[in-house]
Amino acid sequence: TFTEVTHAAPMLSLDNVFDDDEMRQWAERTAKGLNIEIDELDVVVEPKIDGLALTVTYVNGEFIQAATRGDGRTGEDVTANVATMASVPRRLPVTSAGRIDIRGEVFMSSEDFDELNRRQAAAGEKLFANPRNTAAGSLRQKDPHATAQRPLQFLAYQMVVVDGHDELASITSHVDVLRCLEEWGFLTAPTTQHVLGQDALLAAAEWFAVHRHDLPYEIDGVVIKVDDLLDRERLGSTSRAPRWAIARKLPPEECTTALISIEVSVGRTGRATPYAVLEPVVVAGSTVSLATLHNEDQVRLKDVRPGDTVIVRKAGDVIPEIVGPVLTKGQRRQPPWEFPSQCPECHGEFVRRGEESDTYCINPACPAQTRAQIEHFASRNAMDIEGLGEQRVVQLLTEGLIRDVADLYDVQIENLAQLEGMGDLSATSLVTAIQSSRAQPLSRVLIGLGIRHVGPVAARALAQTFTTLEALRRASSDAIGAIPGVGPVIAASVVTFMEDADNRRLLDRLLAAGVKCEEPQVVSDVPATLTGKAVVVTGTLDGFSRDEAEAAVVQRGGTSPGSVSKKTFCVVVGVSPGASKVSKATELDIPIVPQERFIELLETGEIPT
Ligand code: IVH
């Protein structure tokens, strides 16, 4: 229903390459075409934003039209909708008459997309599949008011002087174009790199592969463009794509596969989590066959059903997620999935409390909970008992060697060695690992006990304040709640846990087994130079691991959050920093401290000048 627009010059596509070899071939071909050596190849490497291409037309500096790419020759007139976007300037400060087309990408930032979906979920509305499709849908709304409600942005990467504007003849390179676009108020990509020669080109493209998830938007590759505009003319284009540019694609992070069934697993707190059993599929480099569906509401919002074809997404290290079904018109589907009413393990009743989205198995004797509790107790961040993983815990439980975590300390080598798949050697090392865990500090014991609301930070605060389990058991909820960073919710949860008769018996047995439950005191004579100051660290610093750098800040009374906000005191930038943190700092005018000045910052608590 949009009017057709014929583009002043066709909006070409890009040829793709999928690996370094193909990219080298392009570089060689291009250098040859320009009659230069390969290390003289002067290119710009930009993120390839996963959005949709748009041409914005200005006549005598006035915004008059916006059109989608369409088939490249003609697109759709989306002027009224684009007019609602703040990142498209209404006027350009040009000094002469003429017509300019600015081309770029319309996208939705990852943060805005997540926020939009949070709002959808809160309103019980269907979730959007991904930022790209949402941006496309938002741009093509019939009502511009609807578009205005969507956080769309426009990033500019090309200028076509259609007519007049002689003063722009001084622009002879892509770098000039980008600088001019920025001056005119367009958004450009701050991570763009201008490089010389094949090796630098490959390194720049690799930088984007590594930092893909540090960018504020999703990218599906990088675009490499010859910088000099005359060189571009020399190289020319085919009917489909220019020869002066190439897209180096990155592996996709979304795939489709069949949803075989939806099952429910019960965790250590009794929470019942639905998950999808999938036809195995490779996404972002790893095989995915299971994906969490979080809770009953999420299954309903996503409306996925056994037998559906679904979109699976795996961004970087993030756990795989089901985006939604792929539906075709008139397709027959199974009825909507229903959350079971009983725990699949203990057949106890499932309960959903009040407004909460989560469903619980409330049977404290549920074997699924016991198993998960023991696994958690032994896990790396808790008692760190090597060799006691999920399968071993199941084996010890089914063989009747243990019923809870305190039983672990009574397990004998002889009994273990009898078990299937266990020899004397592995039995000895497991018992040694269990016995050594008795020396773990109180903070780890507290983490391992899985007290509701007590995560690693609260556990450490509790352990450092009370030092021994005995002191913590005697502490009042007021005393606990008074610890900085703890508060009344955690305090109430700790007191409830400590007062429970079963828990009391368990703690007595752990102490009797020789689990020390003491926190070594850290003596600190470090001056509190950074009290109340938030110092964000990004990239690798010389002489400090990331954890050490953050600990150094915390030791001096500061905090070291993972993201930049208005409240950030400064951002310490090391090698290969996160691009989004640096650009956010620049945007908010937060001081940037180079890593060579980090020690000075720690010592003085002031921004080194
Ligand atoms: S340049 C003639 N630069 O990728 C050059 N395109 O696969 C045309 N895209 O239709 C495009 N980021 O929608 C260029 N930095 C970037 C880009 C970019 C994303 C999209 C654009 C284009 C598609 C081609």
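What counts, and where the lines are drawn
Residues numbered from 1 in each chain as written. Predicted model: local features only at pLDDT ≥ 70, side-chain atom pairs only at ≥ 80, totals over all residues. Heavy atoms only, no water. Axes fitted to C-alpha atoms, helices over the stretch in contact; angles between N-to-C directions. Helix = DSSP H or I, 4+ residues; strand = E, 2+ residues; numbered from the N terminus. Parallel < 35°, antiparallel > 145°, perpendicular 65-115°, else oblique. Left-handed = near helix turned anticlockwise from the far one by under 90°. Contact = heavy atoms within 4.5 Å. Nonpolar A, V, L, I, M, F, W, Y, C, P; charged D, E, K, R; others polar. Phe/Tyr/Trp six-rings, centres within 6.5 Å; stacked < 30°, edge-to-face > 60°. Buried < 20%, exposed > 50% of the residue type's maximum accessible area, 1.4 Å probe, protein only. Lys NZ or Arg CZ within 6 Å of the ring centre and 35° of its normal. Expected span 1.5 Å × (residues − 1). Pairing = 2+ DSSP bridges. Salt bridge = Lys/Arg side-chain N within 4 Å of Asp/Glu carboxyl O. Core = buried A, V, L, I, M, F, W, Y, C linked by side-chain atoms within 4.5 Å. Arc of directions from axis to C-beta.

Section: the packing of helix 10 (residues 367-378) against helix 11 (residues 390-398)
Viewed as axis vectors pointing N to C, helix 10 and helix 11 meet at an angle of 125°, and their least axial separation amounts to 9 Å. Classified by the angle between their axes, helix 10 and helix 11 sit oblique to one another. In this structure, the crossing between helix 10 and helix 11 has a hand that is right-handed. Counting all contacts with helix 10, which are made through Thr370, Arg371, Ile374 and Glu375, the residues of helix 11 involved are Glu390, Val393, Val394 and Leu397. When the residues that make up the contact of helix 10 with helix 11 are grouped by side-chain class, the tally is 4 nonpolar, 1 polar and 3 charged.

Section: the packing of aromatic side chains
In this structure the tally under the stated criterion is 8 aromatic pairs. The interplanar angle of 85° and the centroid separation of 5.1 Å between the aromatic rings of Trp207 and Phe208 together place this pair among those described as edge-to-face. According to the relative accessible area criterion, Trp207 is partly exposed, its value standing at 22%. Ring geometry for Phe544 against Phe598: centres 5.0 Å apart, planes inclined by 80°, an arrangement best described as edge-to-face. Of this pair, Phe544 sits in the loop between strand 19 (534-538) and helix 20 (546-555) while Phe598 sits in helix 22 (residues 598-604), and the two are 54 residues apart along the sequence. The exposure class of Phe544 is partly exposed, given its relative accessible area of 22%. A residue is classified by how much of its surface remains accessible, and Phe598, at 1% relative accessible area, is buried. Three or more aromatic residues joined by ring pairs form one cluster here, namely Tyr58, Phe63, Phe154 and Phe186. Of note, Arg232 hangs over the ring of Trp244, and the distance from its end group to the ring centre comes to 4.0 Å. Between Arg353 and the ring centre of Tyr360, over which it is positioned, the NZ or CZ distance is 4.7 Å.

With respect to helix 7 (residues 198-211)
The terminal C-alpha atoms of helix 7, which comprises 14 residues, lie 20 Å apart, in line with the 20 Å expected from a rise of 1.5 Å per residue. Taken together, the buried positions of helix 7 are Gln198, Leu201, Leu202, Ala204, Ala205, Phe208 and His211.

Comments concerning the sheet that holds strand 21 (residues 592-594)
Spatial strand order, 19-20-21: 3 strands in an open sheet with parallel pairing. One side of each edge strand has no neighbouring strand; the edge strands of this open sheet are strand 19 and strand 21. Ignoring which end each strand starts from, the neighbouring axes of this sheet average 25° apart. Sheet analysis places strand 19 next to strand 20 (residues 568-573), joined by 5 bridges and oriented parallel. Within strand 20, the position partnered with Ala534 by the bridge is Thr568.

Some points on the environment of Gly236
Following the sequence through the fold, Gly236 ends up in the loop between helix 8 (229-235) and strand 11 (245-249). Between the alpha carbons of Gly236 and Gly33 there is a distance of 10.0 Å; along the sequence they are 203 residues apart. Aside from chain neighbours lying at most four places away, what touches Gly236 is Pro242, Arg243 and Trp244.

Looking at the pattern of salt bridges
A complete count under the given rule lists 29 salt bridges for this structure. One salt bridge in this structure joins Glu218 and Arg313, with 2.1 Å as the shortest N-O distance. Note that Glu218 is positioned in the loop between helix 7 and strand 10 (219-226) and Arg313 in strand 15 (residues 309-313), a separation of 95 residues in sequence. Residue Arg333 is joined to Asp308 by a salt bridge in which the shortest nitrogen-to-oxygen separation is 2.5 Å. One end of the pair, Arg333, is in the loop between strand 16 (321-325) and strand 17 (350-352); the other, Asp308, is in the loop between helix 9 (296-302) and strand 15, with 25 residues separating them in the sequence. Since its relative accessible area comes to 24%, Arg333 is described here as partly exposed. Connected via shared salt-bridge partners are Asp303, Arg305, Asp308 and Arg333.

Here we look at the nonpolar core
Counting 55 residues, the largest nonpolar core has Leu408, Leu446 and Ile480 as the members making the most contacts within it. Non-local contacts of Leu446, meaning those with residues more than four positions away in its chain, are made with Ile451, Ala459, Leu462, Ala463, Leu472 and Met498. With 33 residues, the next largest nonpolar core counts Ile100, Leu116, Ala135 and Met159 among its residues.

As for helix 11
Those residues of helix 11 that fall on the buried side of the exposure criterion are Val393, Gln395 and Leu396. For helix 11, the angular spread of buried residues about the axis comes to 160°, placing them on one side. Pointing more than 90 degrees away from the buried face of helix 11 are the exposed residues Glu390, Gln391 and Thr398. Tucked inside the fold, the buried residues of helix 11 contact helix 10 and helix 12 (413-417). A positive backbone phi angle near 75° is found at Gly400, which sits one or two residues after helix 11.

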